[in-house]
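# Residue-level structural notes
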Amino acid sequence: MPVQSSEDLEHIRSVLDELTGKWSLLVLNALCDGPARFNALKRLNKGVSQKALTQCLRRLEASGLISRTVVSTSPVAVVYAVSDLGASLEPHLKGILQWSLDHRDQVAEARRTFARQDDGR
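Since we're looking at a predicted model, the values are computed, not measured. Positions within a chain are numbered from 1, following the residues in the order the chain's sequence is written. This being a predicted model, a pLDDT of at least 70 is required before a residue's local features are given, and a value of 80 or more before pairs of side-chain atoms are given or counted; all residues contribute to the totals for chains, interfaces and linings. Remark: hydrogens and water are excluded; side-chain values derive from all non-hydrogen atoms of the structure.

### What about the packing of helix H6 (residues 90–102) against helix H7 (residues 104–119)?
Put simply, the rule reads: An axis is simply a line fitted to the C-alpha atoms; with a helix, the fit covers only the stretch in contact. Between two such axes, the angle follows the N-to-C directions and lies from 0 to 180 degrees. Only DSSP runs of H or I reaching four residues or more are called helices, and only runs of E reaching two or more are called strands; each is numbered from the N terminus. In what follows, roughly perpendicular refers to angles from 65 to 115 degrees, roughly parallel to angles under 35, roughly antiparallel to angles over 145, and oblique to any angle outside these ranges. Residue contacts are defined here by distance: any two heavy atoms, one from each residue, within 4.5 Å place the two residues in contact. Polar here means any residue other than Ala, Val, Leu, Ile, Met, Phe, Trp, Tyr, Cys and Pro, which are nonpolar, and Asp, Glu, Lys and Arg, which are charged; Gly is therefore polar.
Following both chains from N to C, one finds H6 and H7 inclined at 60 degrees, their axes separated by 4 Å at the closest point. Accordingly, the angle class assigned to the pair H6 and H7 is oblique. Contacts between H6 and H7 involve Trp-99, Ser-100, Leu-101 and Asp-102 on the former and, on the latter, Arg-104, Gln-106 and Val-107. In terms of residue class, the contact of H6 with H7 is built from 3 nonpolar, 2 polar and 2 charged.

### Focus: the pairing of strand E2 (residues 66–71)
Keep this limit in mind: Whether two strands pair depends on DSSP finding at least two bridges between them.
The sheet contact formed by E2 and strand E3 (residues 77–82) spans 6 bridges and is antiparallel. Residue pairing in the sheet places Ile-66 in a bridge with Val-82 of E3.

Shown next as structure tokens:
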């Protein structure tokens with residue numbers, strides 16, 4: 001799809017900013033497997049801080065990619081789920097994640113090669 005205008009480019013950049021945040025794709029992937037509470041998402045995404053996960057969830061919710069439901073239990077629980085809009089990304093998301101796994105060795109080798117060349121500059 002050829003980009004027609006600078007307005008199109010700005011819209012694309014804005015959406016991609018949301019999707020390419022450090023944790024966004026991994027959180028969406030986890031939620032594609034079913035609704036989850038905050039601590040479950042934190043356990044599934046080892047290394048994410050509470051602050052980073054909170055910010056990620058708020059951005060994804062604001063973009064309409066996930067929903068947040070408060071459950072009246074004692075104590076009150078919050079459950080996150082992928083929205084219909086977010087679910088429409090699932091096949092593309094799974095493809096990107098699989099590509100990352102399939103090509104991780106090639107990417108690592110390219111990085112090592114670049115680092116060696118960069119040291120010689």
